[in-house]
Amino acid sequence: MGNSLKAIVAFVPSNKCQKYLLEDLEEMPVDKMVDLSGSQLRRLPLHICSFRELVKLYLSDNNLNHLPPELEQLQNLQILALDFNNFKALPLVVCTLKQLCILYLGNNKLCSLPLELRLLQNLKTLWIESNCLQYLPEVVCELTLLKTLHAGSNALRMLPTQLRCLQELRTIWLSGNLLSEFPAVLLDMPFLEVIDVDRNSIRFFPSLAHLPGLKLVIYDHNPCRNAPKVAKGVRRVGRWSEESPEPRKRSGAVVEIPLDERPSPPPAVKPELE
């Protein structure tokens with residue numbers, strides 16, 4: 001179906017027209033995955049909610065701003081991609097999907113996250129980049145299994161001290177925010193492996209040499225007067241680092257990291273579950 005025709009049909013709210021957007025998707029796929037990314041959807045076809053064994057649902061790059069309560073039927077869902085839509089608030093029905101491990105919310109219009117997010121106690125990966133967050137919602141600090149947090153390209157000026165409670169957290173992306181100081185709470189998180197504070201307003205970096213788990217710190221594009229001190233073997237990307245890698249574009253930043261050390265940026269094809 002051509003994109004222009006899809007765009008026209010997407011405006012028609014009838015179940016028949018919305019089901020038409022699914023094309024031949026009459027039964028749940030054998031791989032238990034549905035990918036409706038870039039389908040011009042303005043609402044989720046209710047037919048999808050009947051696939052109760054569904055594990056992966058990709059709804060990226062549509063025109064969604066709400067989700068039906070029937071989504072709660074998908075209690076086996078482990079990956080949900082809602083990035084590149086028009087959500088101003090996270091639909092509470094998402095917080096009923098307690099088996100979720102990976103949640104993509106980037107590139108929406110979110111200013112906050114609901115307290116009900118704490119119900120997602122299996123969540124390991126949360127992407128909330130490119131939203132309208134002026135602070136990191138404290139409810140994120142209650143996601144005790146979280147391993148990867150991408151909160152880049154918001155308007156964050158500080159991080160909550162409760163973040164240190166996330167002892168499973170290994171990677172934190174904070175590039176493109178409004179940090180004027182290196183977040184002190186990160187100094188109390190020895191288990192962190194990757195810290196990205198590229199493209200902020202940090203003028204001075206404290207020593208990070210005491211963080212035994214640290215493998216990579218990205219601090220480029222800050223008006224800093226010094227490079228952060230790190231332990232032997234830790235890779236630094238920024239001014240005065242030991243090496244000056246060839247630059248390339250990454251989400252508006254300029255950085256190059258060897259493939260074997262590079263954390264995964266937002267992928268074109270979402271990663272599979274571990």
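Residues numbered from 1 in each chain as written. Predicted model: local features only at pLDDT ≥ 70, side-chain atom pairs only at ≥ 80, totals over all residues. Heavy atoms only, no water.

Draft legend 1. Representation of the overall build of the protein in the model. For the protein, the count of helices and strands is 2 helices and 12 strands. Listing each helix as α and each strand as β along the protein from the N terminus yields α-α-β-β-β-β-β-β-β-β-β-β-β-β. The buried share of the protein, reckoned over its 274 residues, is 48%. Pairs at least 24 apart in sequence give 27% of the contacts found in the protein among residues at least 6 apart. Surface summary for the protein: the accessible area is close to 13200 Å², and the carbon and sulfur share equals 53%. (Helix = DSSP H or I, 4+ residues; strand = E, 2+ residues; numbered from the N terminus. Buried < 20%, exposed > 50% of the residue type's maximum accessible area, 1.4 Å probe, protein only. Contact = heavy atoms within 4.5 Å. Areas by Shrake-Rupley, 256 points an atom, 1.4 Å probe, with all protein chains shown as cover.)

Draft legend 2. Geometry of the pattern of salt bridges. One pass over the full model with this rule turns up 3 salt bridges. When the shortest N-O distance is used, the salt bridge between arginine 164 and aspartate 188 registers 2.9 Å. Highlighted residues: arginine 164 in the loop between strand E6 (148-150) and strand E7 (171-173) and aspartate 188 in the loop between E7 and strand E8 (194-196), separated in sequence by 24 residues. Judged by relative accessible area, arginine 164 falls into the partly exposed class, the value being 36%. Between lysine 215 and glutamate 193 there is a salt bridge, with the nearest N and O atoms lying 3.9 Å from each other. Of this pair, lysine 215 sits in the loop between E8 and strand E9 (216-218) while glutamate 193 sits in the loop between E7 and E8, placing them 22 residues apart in sequence. Judged by its relative accessible area of 26%, glutamate 193 falls in the partly exposed class. (Salt bridge = Lys/Arg side-chain N within 4 Å of Asp/Glu carboxyl O.)

Draft legend 3. Just the sheet that holds strand E4 (residues 102-104), in detail. In spatial order, the strands read E1-E2-E3-E4-E5-E6-E7-E8-E9-E10; together these 10 strands make up an open sheet with parallel pairing. Looking along the sheet, the strands with just one partner apiece sit at the ends: strand E1 (33-35) and strand E10 (235-237). In this sheet, neighbouring strand axes are inclined to one another by 5 degrees on average, regardless of whether the strands run parallel or antiparallel. (Pairing = 2+ DSSP bridges. Axes fitted to C-alpha atoms, helices over the stretch in contact; angles between N-to-C directions.)

Draft legend 4. Spatial organisation of the confidence of the model for the protein. Summarising the model, the protein shows a mean pLDDT of 86, and 79% of its residues fall at 70 or more. Counting interchain partners and residues more than four positions distant, the pLDDT-below-50 stretch residues 243-268 has 46 contacts. (pLDDT = per-residue confidence, 0-100.)

Draft legend 5. Examining the environment of leucine 113 more closely. On the secondary structure map, leucine 113 appears in the loop between E4 and strand E5 (125-127). Residue leucine 113 is classed as buried on the basis of its relative accessible area, which comes to 9%. Residues leucine 113 and leucine 90, spaced 23 residues apart in sequence, show a C-alpha to C-alpha distance of 6.5 Å. Among residues more than four places away in sequence, those in contact with leucine 113 are Leu105, Ile128, Pro137, Val139 and Val140.

Draft legend 6. Highlighting the environment of alanine 151. Among the structural elements, alanine 151 can be located in the loop between E6 and E7. For alanine 151, a relative accessible area of 0% corresponds to the buried category. Apart from residues no more than four positions distant in its own chain, alanine 151 is found in contact with Ile128, Glu129, Leu136, Leu156, Trp173, Leu174 and Asn177.

Draft legend 7. Region of the structure containing the side chain of aspartate 198. In this fold, aspartate 198 is placed in the loop between E8 and E9. Buried within the structure, aspartate 198 lacks any salt-bridge partner; arginine 199 is the closest side chain of opposite charge, at an N-O distance of 4.0 Å. Among the polar contacts made by the side chain of aspartate 198, one reaches the side chain of histidine 221 at a distance of 2.9 Å. (Lys, Arg positive; Asp, Glu negative; His and termini not counted. Polar contact = N/O pair within 3.5 Å; in protein donor to acceptor, adjacent residues only side chain to side chain.)

Draft legend 8. A look at the side chain of asparagine 131. Structurally, the position occupied by asparagine 131 is in the loop between E5 and E6. At 3.1 Å, the side chain of asparagine 131 forms a polar contact with the backbone oxygen of isoleucine 128.

Draft legend 9. Just the environment of glutamate 193, in detail. Residues glutamate 193 and lysine 215, spaced 22 residues apart in sequence, show a C-alpha to C-alpha distance of 5.0 Å. When residues no more than four places from it in sequence are discounted, the contact partners of glutamate 193 are Arg170, Gly213, Leu214, Lys215 and Leu216.

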